[in-house]
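# Geometric and topological summary
Given next are the chains, with one letter for each unit.
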Amino acid sequence: MLDVGLDHFLFLSAILFIIGMMGVLIRRNLIVIFMCVELMTNAVNLSLVAFAWNLNSIDGQAFALFIIAVAAAEAVVGLAIIIALSRRAHTINVDEVRTLRN
Amino acid sequence: MVDNPLWVALIVGGVLMFVTLTGMAYMTWFERKVLARFQDRLGPTRTGPFGLMQPLADAVKLLGKEDLVPAAADRVVFLLAPIVIFVTAIVGVSVIPFGGAISIFGFELNLFAADVNVGALVILALGSVGVYGIVLGAFASANRFSLLGGLRAAAQVISYEVVLGLSLVGIFMLAGSLSLREILVAQQDDLIFNLFGLSISLPNWYILSQPIAFVVYLIAAVAETNRAPFDLPEAESELVAGFHTEYSGFRFSLYFLGEYINMIVISLFASTLFLGGTDGPGAASVWGLGVVYLLAKTVMFLFFYLWLRATLPRFRFDQLMGIAWKVLLPVALLNILFTAFVRLIANDEITIPAWVWIVAAVVLAGVLVLTSLNDRANRPRPSAQAGD
Amino acid sequence: MEWASVAFYLIATVCVLSAAGVVIARSAVHSAIFLILCFLNIAATFVMLGAEFLAVVQVIVYTGAILVLVLFVLMLVDEDQLPDFHTGQPIQRISGLILGLILLLEIGAAITARSIQGATGGATPENVAAVGGNTQALGRVLYDDNLLAFIVVSLVLTVAVIGAIVLALPDRRVGINQRRGTGTINLGHPVGTDGIPLALPAVRGESPIAAATPGDLRPVAGERQIIMVRDPDAYTEVGQHDAAPDNRPLIKR
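No experiment lies behind these values; they were computed from the predicted model shown.

### Quick look at the overall build of chain C
- Counting secondary structure elements, chain C contains nine helices and two strands.
- When the helices and strands of chain C are read in sequence order from the N terminus, they spell out α-α-α-α-α-α-α-α-β-α-β.
- Across the 253 residues that make up chain C, the buried fraction comes to 27%.
- Contacts in chain C between residues far apart in sequence, at least 24 positions, make up 52% of those at least 6 positions apart.

So, in structure tokens, the structure goes:
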């Protein structure tokens, strides 16, 4: 069907994975690092689906579906951690505000 | 999957887009007229007969306005965000089937732009991508009210997306497909009840077999399109104009168009899924009648939207989230369970021994008794109230 | 060259460029926008690979839910206030680039030099079409062969939701009255604010914010605080304000 074969998709997947990995190493912003991790999982998904297509098997797609589900769980927990961290970083100390009043 | 050749699909898509845009324009006219009648007014009357030229006049006015960008705004994102919501809204029409194959001049033509294997999910996906138009536009505006509106939109759409998707699972189970065309075909059978020897034949529209899902879908769809009474992201009494506070002229009209097209798509989707779409008496034999049926059903849904807007006050945000997570989600899940159960029994794929029924009945009765006891325990005593 | 190949190269180019944009973009919101673009293009490659259901799930879950959540958090949280994990130091940047290039070379070599061909499965396009399409075929694999994994994944999701709720709960060590202020998250992002009032003029009856001159406003970037008036139920003294005739500022810093 395509001129492009399995190798093309695998290369695309590899490049995306490496870019994501570099992002994790290079960036300082916690949320951007989180996004780069998501990019890496997606790259892995892409190679799984590419193999599934090449080998005429649906199992790869089932794997990718599981990865998406686990990634969603990971995202939920990760973002909750970020919110909890930001709350620690702010001085939400109500007592301090109280003492400032008088 | 049934396919048109590519160039036919392009032509059909173009025609659909044109029709949707015109329909959207007259949707605004329809809304103004209906709302006016609800409020004992006349609505637009000056431009043309019955004010029919009003959409044109509005378009000229909106396009002629100055396109302002706030100085502090994130310029590129600000300019691109309205396009996102507009495009995602209008692409949704492409997967709606407007009927089966018809022949024009001896040429076989399918009345849809694309029959996607996962058509129903495509519409859900487009809805969830469309929220970026709101969130990014709100963010790029550099305005506190916009930001609050964007936050609300994000939370609201994520919550109601879940409910919307789950409310449709029952239909997917009954139809055995995610393709809207196959769901449409499945609804053209007859649903035959055998009650006391009396055989009633009804159309197999899924509103009859999935009434709970229909109600859940209706509520979730209103929230998904950010319409009253769930229009929290643009609540004018709290947030000025919400996410589009800073938008003006053409870009504001894109938001405006996007919202109305979303309403039309969601209504078309609902008619296709629950009301048999193009199905109706004589639709199979008379040419073009199916499309008329579909549009009539859609207009009915749109009228329902306007009715809600004219009647109900806006919800509070915690009420909105409460409805989604505490009421609609459990109801949708129970509906899925129930549908799966009934389907398995009806297809004789499982047989349930009598003791299971007895145990289930006992457990159900126990739960009911316990909850009623709990309610009674929590209720304030009349004597204590009298003492106050 | 076939149209499919043109489409692939187009999609792949956009994909790689937007992925690079995620890493390069200065603001986190721009990173998120690039990531949306990248994910949509990955969904397009899924369609090319005959995985329509997965493509739609990718759009719904990744772009529709996860990235909306990321944007949501971006608006709630002031990124500059997040704790520093000392990532992104110069040495890490350089070593990251070098390691990435080395890894890319290795993977590239592995892809081109690989000689093992896995066993071909039975899901040829004809067989998939026979069961009704990609969705139906995937459903069979999920519920027949991988049922246990499916249940485990749903359990993982449930646990994650509970964990997230527990993590995001307000601090339980403070009393119920004080929790009122911390129970809701304030909008951390400084977008659209002019600053936080430093010292407020004590002209009674006048809105403190409106009466503040620009000099009284602290720029948003430094440390932030929540300015809270007392819990309304806590007012028990009578005439407290009337008993304090001096023009004491309501809130000091």
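### Some words on the interface of chain C and chain B
- Taken together, the contact pairs 24 residues of chain C with 28 residues of chain B.
- Breaking the side of chain C that touches chain B down by element, the ones donating at least two residues are α2 (28–48), α3 (52–76) and α6 (134–145) of chain C.
- The greatest single-element share of the side of chain C that touches chain B, amounting to 12 residues, is contributed by α3 of chain C.
- Counted by class, the side of chain C that touches chain B contains 14 nonpolar, nine polar and one charged residues.

### Looking at the nonpolar core
- V49 of chain A, V135 of chain B together with A32 of chain C are the most contacted members of the largest nonpolar core, which totals 181 residues.
- The element best represented in this core is α3 of chain C, accounting for 17 residues.
- Once you skip the residues sitting within four places of it in the chain, V135 of chain B turns out to touch G150, A153 and A154 of chain B together with V68 and L71 of chain C.

### A closer look at the packing of helix α10 (residues 249–274) of chain B against helix α11 (residues 289–311) of chain B
Residue and element names in this part refer to chain B.
- Put simply, α10 and α11 touch, their axes get as near as 8 Å, and they point 125 degrees apart. Classified by the interaxial angle, the pair formed by α10 and α11 is oblique. Viewed along their axes, α10 and α11 form a crossing whose handedness is right-handed. Judged by residue contacts, M263, I264, S267, L268, A270 and S271 of α10 engage L294, K297, T298, F301, L302 and Y305 from α11.
- Across the contact of α10 with α11, the residue classes break down as eight nonpolar, three polar and one charged.

### A few points about unusual backbone geometry
- Of note, the phi angle at N56 of chain A is positive, near 55 degrees, even though the residue is not glycine.
- One can find N56 of chain A in the loop between α2 (30–54) and α3 (59–89).
- The phi dihedral of D40 of chain B falls on the positive side, at around 60 degrees, and the residue is not glycine.
- With respect to the secondary-structure elements, D40 of chain B resides in the loop between α1 (6–38) and α2 (54–64).
- The exposure class assigned to D40 of chain B is exposed, which follows from the 6 C-beta atoms found within 10 Å.

What counts as what
- Residues numbered from 1 in each chain as written.
- Chains lettered and ligands numbered in written order.
- Predicted model: local features only at pLDDT ≥ 70, side-chain atom pairs only at ≥ 80, totals over all residues.
- Helix = DSSP H or I, 4+ residues; strand = E, 2+ residues; numbered from the N terminus.
- Buried ≥ 20, exposed ≤ 12 C-beta atoms within 10 Å, placed from the backbone.
- Contact = placed C-beta atoms within 7 Å.
- Nonpolar A, V, L, I, M, F, W, Y, C, P; charged D, E, K, R; others polar.
- Core = buried A, V, L, I, M, F, W, Y, C linked by C-beta atoms within 7 Å.
- Axes fitted to C-alpha atoms, helices over the stretch in contact; angles between N-to-C directions.
- Parallel < 35°, antiparallel > 145°, perpendicular 65-115°, else oblique.
- Left-handed = near helix turned anticlockwise from the far one by under 90°.

Limitation: the analysis is restricted to geometry and does not speak to function.
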